[in-house]
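What the coordinates show
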Amino acid sequence: MQDIAFSALVHGVYVITTRLGPRVNGMTAAWVSQVSLRPLLLMVSIAPARYSHDLIKESGIFAVNVLTQDQVDLGKRFGYQSGRRVDKFAGLDYITAVTGAPILPQALAYFDLKVEEIFPAGDHSLFVGEVLEAKIQHPDSQPLVFRKEDFF
């Protein structure tokens, strides 16, 4: 059934970033969705085993960086290794917005969020955050659509 979900459901590809004190980390995710207009709320689904899970839970902040169609390698950089062992930001420039979470300047767009709710959901947690700032950084680019063969 998982293969059907990978094939039939359409998702973008995002780098979810956070900061806890001096520690910055990011992870690749495809399960991101808008859940409310007023206030503007987004949701990201993260497995508790991921390093970012506890950093976001403790810091109460995260950013959603929307990747462009030519950024599969950037998605792999943040998806194939753990931030517990590797500094995924080494040699990579980033900026910050309201919360201080890292923003990738090469991303199509970003959303800077504060955590409003965390819900258990099967083998993942749903982090619902209120958007404090958002910007389209590269309006001529197209978003990256998740395809299993690009990442697995």
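The following paragraphs examine the structure supplied in this document.

The rules behind each value
Residues numbered from 1 in each chain as written. Predicted model: local features only at pLDDT ≥ 70, side-chain atom pairs only at ≥ 80, totals over all residues. Heavy atoms only, no water. Helix = DSSP H or I, 4+ residues; strand = E, 2+ residues; numbered from the N terminus. Rg over C-alpha atoms; globule rule 2.2 N^0.38 Å. Contact = heavy atoms within 4.5 Å. Areas by Shrake-Rupley, 256 points an atom, 1.4 Å probe, with all protein chains shown as cover. Lys, Arg positive; Asp, Glu negative; His and termini not counted. Charge placed at Lys NZ, Arg CZ, Asp CG, Glu CD. Pairing = 2+ DSSP bridges. Axes fitted to C-alpha atoms, helices over the stretch in contact; angles between N-to-C directions. Phe/Tyr/Trp six-rings, centres within 6.5 Å; stacked < 30°, edge-to-face > 60°. Buried < 20%, exposed > 50% of the residue type's maximum accessible area, 1.4 Å probe, protein only.

A count of helices and strands for the protein chain gives four helices and nine strands. Helices and strands in the protein chain line up, N terminus first, as α-β-β-β-β-α-β-α-β-β-β-β-α. A compact globule built from 152 residues would reach a C-alpha radius of gyration of about 15 Å, and the protein chain, at 14 Å, matches this within 12%. Within the protein chain, counting contacts between residues at least 6 apart in sequence, those at least 24 apart form 65% of the total. When the accessible surface of the protein chain is totalled, it reaches about 8100 Å², and 54% of it is carbon and sulfur. Averaging the coordinates of the 14 positive side-chain charges in the protein chain and doing the same for the 16 negative ones gives two points 4 Å apart.

Taken together, the seven strands give an open sheet; going across it, the order is β2-β1-β5-β8-β9-β4-β3, and neighbouring strands pair in antiparallel fashion. What marks the edges here is a single partner per strand, and that holds for β2 (23–29) and β3 (32–36). Between one strand and the next, the sheet's axes are offset by a mean angle of 35°, whatever the strand orientation. In this sheet, strand β8 (residues 109–121) lies alongside strand β5 (residues 61–66) in antiparallel orientation, the contact comprising six bridges. Across the sheet, the residue bridging to Val64 is Phe111, located in β8. Helix α2 (residues 51–59) rests against β1 (14–20), β2, β4 (41–46), β5, β8 and β9 (124–136) of the sheet, and its axis sits at about 50° to β1. Of the strands in this sheet, β1 and β2 are in contact with helix α3 (residues 72–79), which crosses β2 at around 120°.

Right, let's talk about the pairing of β8 for a bit. Where β8 meets β9, 12 bridges bridge the pair, whose relative direction is antiparallel. Looking at β9, one finds that Leu113 is bridged to Val131. Linking β8 back to β9 in an antiparallel pair, the connection comprises two residues, with Gly122 at a positive phi of about 60°.

So, on to the packing of aromatic side chains. As enumerated under the stated definition, the model contains two aromatic pairs in all. On the basis of an interplanar angle of 70° and a centroid distance of 5.2 Å, the ring pair of Phe78 and Phe89 is categorised as edge-to-face. Separated by 11 residues along the polypeptide, Phe78 in helix α3 and Phe89 in the loop between α3 and β6 (95–96) bring together distant segments of the chain. The two residues Phe78 and Phe89 agree in class, both being buried. Look at Phe89 and Tyr94: their rings are 5.1 Å apart centre to centre, the planes differ by 65°, and that puts the pair in the edge-to-face class. Residue class for Phe89 comes out buried when judged on its relative accessible area of 5%. Since its relative accessible area comes to 31%, Tyr94 is described here as partly exposed. Three or more aromatic residues joined by ring pairs make a cluster, and in this case those are Phe78, Phe89 and Tyr94.

So, on to unusual backbone geometry. In this chain, Arg38 is followed by Pro39 through a cis amide linkage whose omega measures 0°. Assignment of secondary structure puts Pro39 in the loop between β3 and β4.

Okay, the environment of Ala47 next. Structurally, the position occupied by Ala47 is in the loop between β4 and α2. Given a relative accessible area of 19%, Ala47 falls into the buried group. Residue contacts for Ala47: discarding those within four places in its chain leaves His53, Asp123 and His124.

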